[in-house]
Amino acid sequence: MTVRKHPLSLRVRQALFGSIAAGAASLAIAAPQDGEAAPDAVTLDRITVTAQSREQELQDVPIALQVVNAQMLDDVVARDLSGVDMFVPGLVVNGQQPTQPSFQLRGISTDDFGIGTDPAVGVYVDGVYAGRGGGVLLPFTDVERIEVLKGPQGTLFGRNTAAGAVSIITHRPGSEFEGRARVRLAEYGKRYVDAMANIPVGEDSAFRLNGVFNQADGWIKDANTGKDLAPEDNWATRAAFSTRFGDDTTAWITWDHENLDQLGQATIGVVPLPASPGLPSLPVDETAYLDPRKTPAAVDVDGNEESRKFDGVTLIVDHAFEWGNLTSTTAWHSYDSLNRVEEDGTDRRYLYVDSVNTESNTNFYQEFRFAGSGERFDWVAGASYFRESADQTSQVNAYTDSVDTIVHNMGLAPTPDGTLFGFTSQVMQMYGIPLSLMGEPWNEKFVNSLDTTAYALYGDVIWKVNDRFNLTFGLRYTQDKKDFSWFNDHRYAPGLDATLDQMEALGIFDMLGIPKEAYIFDIAFIDPPAMMNKGLTTRDSDSWDDISPRFVADYHFTDDLMGFASLAKGYKAGGFNSLQIGSEFDNEDVWNFETGIKHVLPAYGLQYDASVYYYTYDNRQAIRLDTTTAIPRYVVDTSDLEAWGVDFNAIWQATRALTLDFNAAYIDSTYKQYVTPEGIDVSGQPTGVPKWSAAAGAAYLWDLGGNGSVRASLRYGYRGRTRCSDESLSQGTCGVSPALRLGEARQLANLRVGWTSANGRLGVAVYGENLLDEQYVEGLGTYGKTVLGTVGARLTTPRVWGMEFSASF
């Protein structure tokens, strides 16, 4: 692997560490000496959230949640949700491939591999369900805060929140004219620009416009060609308009657009290769894997691309009555995406294999919510409708050269050298026949379509029993209906077929004693249902319904100390395995019991919360690699889980200048009952989720008077090692390879030091991402492991230094 460096790195480091040294000196001077008075008492900021579909102070909400504000997003230079997960214990977002991300919360996840299954972690933007993975991981535009709600949230948020919900809240247009612009320049040719303009129109209306532009050359180069292999290239815009009709009605409409057009994620081969045209040994020796951090990248993927076009419109209309409010939320989302990446990680045509995922998705959402508040009761009730139409194509691409390698390795060819296309081409060459079967593209694909309709009715009531004691009861009824189809045709190789036709006309098959049919076969989708339905469209449909209750009791021992206990059910609809014709699975159910406290100590500038939970998870849907077939395939598998854990959050405003925060999560997650497709009984074994994760942050503000201010922020995140089981070893998420260090503990440290002018209009900052320069294997391309002897690894980004310039008015 060749890592690029840039002269900007040295300048940024000099500026950054110079600022830190100066800051440390000023801190030492400003610190109180023996006998001096301590700094004046400080007051913690009150944080308002909408986790229960109503505005409440964070410390009054009986839910385990963590809030990520705009300041923290700036501190860690987060561009999307994958940039914050290491600082939110319990949350895992794999965003290496933005069009195919995965989310995990409290150990529960669904890799959104196919349109037949839904995620277990729901992402919501301004209360609107964002949909499935391909259209979820979008660039941040004008985000005010992010609320990460842990545990089932089905009653208030609805579908696909069995593990929890990530609620993104954006800024609404304001009444003041304002604007800002920011430019970031960093190593590896990183260029990032975002801008905002808030434009009032009269007394009751305003526009708010945002734009984001992001490009990078990439941190890795091809060892043969010098070509950048991990570039970034996307831009996004957001336009919002709000207005008021009379005294009681407001309307807010937003339009979001994103355009992503970059290369697919780089893959580095980790299997030692003999001199060409030698073949890797089978079975692959995992103990001999190369370290991808030290291995040159050499790839030959054709049409390498990851692209997406996304558009979304949301209209929120709110009307105030004497008894409460009626809010109508209407949303429409549409995206088209393509992701083509190499799986083998080599530059050898006879080992070539790549995968392609294309999606086209349109969804519509409508909700009517009623809310009211009285002396004894706060209540929310509503109804929602969701409609989705999606198409997906899953493809495997190879060449007859690499197909020949598979044929050889599996012993399928009736020829002396074990090859089919190579042997035939050599024979024709010997007889002077100017034909060859080598170098021909080979494509196999699965095509799926999905139509989903979901309805829901819900209500949630807080009964204020007295000034200190509240009881909450919530209930949601949901019905999901899905119409699904599969289509899998024979392999597509027009160049090969044209040559085969010529060979037939010349009588070559008779000469060889090998029938033409022996050259027409599939290598990827060859399970019995696929083989029996080649060229046919298979359809299925089903519906699922559920009643999800929520019970909460909270007691305020004092104005600053609250205890709570809750019992909630989460639900996720059943679905279909996109790559296995006729495969269907039932809905998921999770019951979660939780108890905790939330405490504010104003005299010390400290607030904290802690909760303990236990859940049982039935029929969890998971994407896994089925290794029982000659060529592994991805299937949806189900299992039953149980887990207990602890969440803890604290923030301490030590002085007016110094803020410290700490967050931690512990979980013990095991299989209640599960036998893998390979017949391995892992009941009672760990599910692979690390026991510990934690994050800590420190920020200090130096007031320079008329010269402005300097703010330094350091954030650190830790995630423990994967708990290996017999199942995770078979899936490659744990392993014996000392080079890959699969499942090792992770840590991430980010630093930012910024100066802001006295009037707040100008700013300059220097920052470092991944200060410890730790790189981890984020995924493995194992499709060719058993048949080609190849494995490709994908790494996280190395350390990056950058500078930021901002202006506002």
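Residues numbered from 1 in each chain as written. Predicted model: local features only at pLDDT ≥ 70, side-chain atom pairs only at ≥ 80, totals over all residues. Heavy atoms only, no water.

Here we come to unusual backbone geometry. In this chain, Ser276 is followed by Pro277 through a cis amide linkage whose omega measures 10°. Within the secondary structure layout, Pro277 lies in the loop between β18 (268–269) and β19 (305–320). Residue Leu282 is joined to Pro283 through a cis peptide bond whose omega torsion reads -5°. Of note, Pro283 is situated in the loop between β18 and β19. With a phi close to 50°, Arg106 is a non-glycine residue in the positive phi region. One non-glycine residue, Asn770, adopts positive backbone phi at about 60°. Its location among the elements puts Asn770 in the loop between β36 (762–769) and β37 (777–781). What makes Asn770 buried here is its relative accessible area of 4%. (Helix = DSSP H or I, 4+ residues; strand = E, 2+ residues; numbered from the N terminus. Buried < 20%, exposed > 50% of the residue type's maximum accessible area, 1.4 Å probe, protein only.)

What follows concerns the pattern of salt bridges. A complete count under the given rule lists 45 salt bridges for this structure. In this structure, Arg491 and Asp497 form a salt bridge, with 2.8 Å as the shortest nitrogen-oxygen distance. For Glu504, the salt bridge goes to Lys516, with nearest N and O atoms at 3.2 Å. Of this pair, Glu504 sits in helix α6 (residues 494–506) while Lys516 sits in the loop between α7 (508–512) and α8 (528–532); the two residues are twelve residues apart in sequence, bridging distant segments of the chain. Overall, the relative accessible area of 17% leaves Lys516 in the buried class. Sharing partners across several salt bridges, the network here consists of Arg106, Lys150, Glu594 and Asp647. (Salt bridge = Lys/Arg side-chain N within 4 Å of Asp/Glu carboxyl O.)

This part covers the environment of Lys534. Its location among the elements puts Lys534 in the loop between α8 and β25 (537–558). Looking at Lys534, the relative accessible area reads 11%, which means it is buried. Separated by 45 residues in the primary sequence, Lys534 and Asp489 have C-alpha atoms spaced 4.8 Å apart. Here Asp522 takes part through its side chain, which lies 2.5 Å from a polar atom of the side chain of Lys534. (Polar contact = N/O pair within 3.5 Å; in protein donor to acceptor, adjacent residues only side chain to side chain.)

Turning our attention to the sheet that holds β37. Ordered in space as β18-β38-β37, the three strands form an open sheet in which the pairing is antiparallel. The outermost strands of the open sheet, each flanked by one partner alone, are β18 and β37. Inspection of the sheet shows β18 paired to strand β38 (residues 792–795) by two bridges, in the antiparallel sense. Bridge pairing in β38 places Gly269 opposite Gly792. (Pairing = 2+ DSSP bridges.)

Within the structure shown, the criterion is met by 33 aromatic pairs. Ring centres of Phe469 and Tyr555 lie 6.3 Å apart, and the angle between their planes is 50°; on these two criteria the pair is classed as tilted. Of this pair, Phe469 sits in strand β24 (residues 469–488) while Tyr555 sits in strand β25, and the two are 86 residues apart along the sequence. Plain terms: the ring middles of Tyr555 and Phe557 are 5.0 Å apart, the flat faces sit at 70° to each other, and that makes the pair edge-to-face. On the basis of relative accessibility, which here comes to 34%, the residue Tyr555 falls in the partly exposed class. Aromatic ring contacts, followed pair by pair, group Phe421, Trp442, Phe509, Tyr519 and Phe521 into a single cluster. Lying over the aromatic face of Tyr399, Arg349 brings its terminal NZ or CZ to 3.9 Å of the ring centre. (Phe/Tyr/Trp six-rings, centres within 6.5 Å; stacked < 30°, edge-to-face > 60°. Lys NZ or Arg CZ within 6 Å of the ring centre and 35° of its normal.)

It is worth spelling out α6 at this point. In this model α6 runs 19 Å from its N-terminal to its C-terminal C-alpha over 13 residues, within 8% of the 18 Å that 1.5 Å per residue would give. Among all positions in α6, only Leu496, Thr499, Leu500 and Met503 are buried. All buried residues of α6 lie within an arc of 105° about the axis, which places them on one face of the element. Packed against the buried residues of α6 are α4 (400–410), α5 (421–430), β23 (441–464) and α7. Positive backbone phi, at 75°, marks Gly507, one or two positions downstream of α6. (Expected span 1.5 Å × (residues − 1). Arc of directions from axis to C-beta. Contact = heavy atoms within 4.5 Å.)

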